[in-house]
Amino acid sequence: MAQEGLLVSAFYLLVFTAMLITYRVLRGPTLPDRVVGLNTITTKVVVIIAIVAVMRGEYYLIDLAIVLLMVNSVGGLILAKYMERAGGA
Amino acid sequence: MLEVLLLFGEAVMLFGALGILRFPDVYTRLHAASKCDTGGAMSIILYLVLTMDAPGIVKAKFLVLAFLIAMINPMVSHALARGAYRYGVKPEVVVDMYAWDNP
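Quick caveat: nothing in here was measured; it's all calculated off a predicted structure.

What counts as what
Residues numbered from 1 in each chain as written. Chains lettered and ligands numbered in written order. Predicted model: local features only at pLDDT ≥ 70, side-chain atom pairs only at ≥ 80, totals over all residues. Heavy atoms only, no water. Phe/Tyr/Trp six-rings, centres within 6.5 Å; stacked < 30°, edge-to-face > 60°. Buried < 20%, exposed > 50% of the residue type's maximum accessible area, 1.4 Å probe, protein only. Contact = heavy atoms within 4.5 Å. Buried area = accessible area lost by both parts, 1.4 Å probe. Salt bridge = Lys/Arg side-chain N within 4 Å of Asp/Glu carboxyl O. Helix = DSSP H or I, 4+ residues; strand = E, 2+ residues; numbered from the N terminus. Nonpolar A, V, L, I, M, F, W, Y, C, P; charged D, E, K, R; others polar.

A. Representation of the packing of aromatic side chains within the structure. All names here are of chain A. Applying the stated criterion across every chain yields a total of 1 aromatic pair over all chains. A ring pair is formed by Phe-11 and Tyr-12, whose centres lie 5.5 Å apart and whose planes are at 70°; its orientation type is edge-to-face. For Tyr-12, a relative accessible area of 56% puts it in the exposed group.

Structure representation (structure tokens):
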């Protein structure tokens, strides 16, 4: 049906944008650039997991998405605290 | 008619990625990243909730995910901006109001 095609196109576009941001993670001039890119990629992966859970009808995957979002937030906060304490680029 | 939500989310995600690629320093990139993550992800998840046929508990889980994204993402962006400033990255701007209050 038409809705399935729309979801598949959204899946491929999200994967494409994640690959675009991978350039910023690899070639970022400083450490905060890489951290920003990694946070954005992880949020995109959360949305990709939600789309796959609806597309395949396997709704247990949404628990995985929630846990991944929480782990990403804790990791981002720890990296921000590390940068705040390290000082001197 | 609800497809407008999905297309809006995809467009916001795409332009956020272009902003992360093209903006000059960390703070402008953080602006683009925070906006594309929060707005685009919440729009796409709202479309999924409104169109799928699933039991109510599953829809409640999707709404919890959207609520968590709306709460957690701006907090992490704020912490990253402050951490980047303390790390020593100077913003490429004319007026630096954060330095007035925090010498």
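This is not the end of the story, as more comes after the structure.
B. Local environment of the interface of chain B and chain A. Residue-level contacts link 42 residues of chain B with 46 residues of chain A. Roughly 4000 Å² of surface becomes buried between chain B and chain A when both sides are summed, with 77% attributable to carbon and sulfur atoms. Ranking the residues of chain B by area buried against chain A places Leu21(B), Leu80(B) and Tyr87(B) at the top, with a combined share of 17%. Seen at the junction of chain B and chain A, the total is 4 salt bridges. Note that Asp33(A) is salt-bridged to Arg29(B), the shortest N-O span being 2.6 Å. Going through the elements one at a time, helix 1 (3-22), helix 2 (26-51) and helix 3 (56-87) of chain B are the ones with two or more residues in the side of chain B that touches chain A. Counting residues per element, the side of chain B that touches chain A draws most heavily on helix 3 of chain B, at 18 residues. Looking at side-chain class alone, the side of chain B that touches chain A contains 31 nonpolar, 3 polar and 8 charged residues.

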